Amino acid sequence: MIPFTASPCQSDDDEFVENSLWQRELARAIKDPLELLATVKVSADKIPGGIDLQQTFPLRVPHNYAARMQTGDPADPLLLQVLPRQLESAIQPGFLRDPVDDTAAIARPGLLHKYHGRVLLITTGACPIHCRYCFRRHFPYAKNRPGDRQWAAASEYIATHPEITEVILSGGDPLSLNTKRLSDISNALHHIPHLRRLRIHTRMPIVLPERIDNDFLRWLSGLPWQSVLITHCNHANELGHDVQHALNKLRHIGVTLLNQAVLLKDVNDSVNAQCALSESLFASGVLPYYLHLLDRVQGAEHFDVSETTAISLMDEVRQQLPGFLVPQLVREIAGEPYKTPIQHLT
Ligand SMILES: *Cc1c(COP(=O)(O)O)cnc(C)c1O
Ligand code: SF4
C-alpha cells in the first residue's frame, strides 16, 4: 500500500498495538533507512540511486525479513524492494496515481467489484512491509476502510448478487488485522448461501511468518468455505526456513497456496531469478499464479520492465521449467474484464 502523507499512516498503526508475538514484531519493525542499512552493513553512498531520508512513503520492514537480506550487498533484491531511494521522486509521464482505476470499481465502501463472480474487500490500509513499487500507495484508504460495524453494507451487496461466489480479503494486507477482526468479517458473510470460496491476498506469511499462529489457523480451518491464500513473494531469498514452516502449516489445514509476484527490474528480471523463485515456491508447497507487469504508479518507474523484455524472459523460463511452474505474465489494464495475459501476438 499506502499513503504519501504521514497522518493516514499513523492511523495504520492502530492495527499493531496488541500483544501477541507477531504484533510485537510489527511494532518493532525497522522504520529508519539508516537503521536498515546498518543492519545489513551497507553504506548509504553505495545505494544505486541514493537513499531518500524524506520518507514521503515511509520505510517499514520487519526484522525477520531484513534478516534474509545479504549483508554487505547494496544491490540485494530484498533490500531494493523496501529501501526509499531518490529515484522515486522522478515524475514520469504515463505513471499515474491510480493506474489500475480502482476508485471506479468501488461498489460499497471497502468493496471493489471489478470482475465477474468475485469481489475484493479492502479490509485495512496497513501493511507489515512497505514495498516501494506498490500500486496502492496512493489509494484513498482512509475513506474506504469500513469500521467494525460497516461490513453489513458489503455483506448485503454480496448477498443480493448471487453470481458472486468468491470473496477476496485484500488491503493493504488483511492479516494486519488481528484474528478477532478477521472473524468479524467472516461472520458477516456466513449467512450468504452462494459463497464458495474465501481468498486471502497477503504478503504476511512471507514477511512476518509469526503471523501464521494457532489462533489464525483455528479461524481459517473453521470457515465454511474452501480457502485460497495467495502469497506475494518476488524472490527465492524471501523463502527462509520459518516462512516454509508457516506455509506448511497452512497447507496442512487444506488451504490452497498460490503466489503472485511483480516483475521488478534489478530484483527478479532474470531467467535464473524467475526459475529459482518457482522452484523454491513449489518446494514450499506453493504454485506460481501471476507474474504482474508493474502497474505504472508514480514513483516506481525505475522498477519497470518493458513488455518485450518480459515476454522474451518468460519464453526462456518456459524452456527451463515444467508448465505448472510458469506463472501467467499479466498486466492489469483499467476497464478490462480480467488481468490481461501478455504474450506474443500470433
Ligand atoms: C486482481 C483482482 C481480483 C482477482 O482477479 P483474479 O484474476 O481472479 O486473480 C479481483 N478483484 C479485483 C478488484 C482485483 O484487482
Ligand atoms: S504488501 Fe502489497 S499492498 Fe502492502 S505495500 Fe507491499 S505491494 Fe503494497
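Structure: above.
1. Things to note about the site of ligand 1
For ligand 1, the full set of nearby residues is Leu112, Lys114, Tyr115, Arg118, Leu120, Ile168, Arg199, Tyr289, Tyr290, Glu332 and Lys339. One of the side-chain N or O atoms of Arg118 is found 2.6 Å from an oxygen atom in ligand 1. Between Lys339 and ligand 1, the recorded distance is 2.9 Å, taken from a side-chain N or O atom to an oxygen atom. For ligand 1, whose unbound accessible area comes to 390 Å², protein coverage reaches 94%.

2. Let's talk about the packing of helix 6 (residues 151-159) against helix 7 (residues 179-189)
Running from N to C, helix 6 and helix 7 point in directions that differ by 35°, and their axes come no closer than 9 Å. Crossing of helix 6 against helix 7: the hand is right-handed. For the pair helix 6 and helix 7, the contacting residues are Trp151, Ser155 and Ile158 in the first and Ile185, Ala188 and Leu189 in the second. Its residues assigned to classes, the contact of helix 6 with helix 7 comprises five nonpolar, one polar and no charged.

3. Re the sheet that holds strand 2 (residues 111-115)
Overall, mixed pairing links the ten strands, which are arranged 1-2-3-4-5-6-7-8-9-10 in an open sheet. Where the open sheet ends on each side, the last strands, each with one partner, are strand 1 (106-108) and strand 10 (340-341). Relative to strand 8 (residues 287-292), strand 7 (residues 256-262) runs parallel, the two being bridged by five bridges. Across the sheet, Val262 pairs through a bridge with His292, a residue of strand 8. Of the strands in this sheet, strand 4 (166-170), strand 5 (197-202) and strand 6 (226-232) touch helix 9 (residues 214-221), which is tilted by about 150° from strand 5.

Rules used throughout
- Residues numbered from 1 in each chain as written.
- Chains lettered and ligands numbered in written order.
- Predicted model: local features only at pLDDT ≥ 70, side-chain atom pairs only at ≥ 80, totals over all residues.
- Heavy atoms only, no water.
- Near = heavy atom within 4 Å.
- Polar contact = N/O pair within 3.5 Å; in protein donor to acceptor, adjacent residues only side chain to side chain.
- Areas by Shrake-Rupley, 256 points an atom, 1.4 Å probe, with all protein chains shown as cover.
- Axes fitted to C-alpha atoms, helices over the stretch in contact; angles between N-to-C directions.
- Helix = DSSP H or I, 4+ residues; strand = E, 2+ residues; numbered from the N terminus.
- Left-handed = near helix turned anticlockwise from the far one by under 90°.
- Contact = heavy atoms within 4.5 Å.
- Nonpolar A, V, L, I, M, F, W, Y, C, P; charged D, E, K, R; others polar.
- Pairing = 2+ DSSP bridges.

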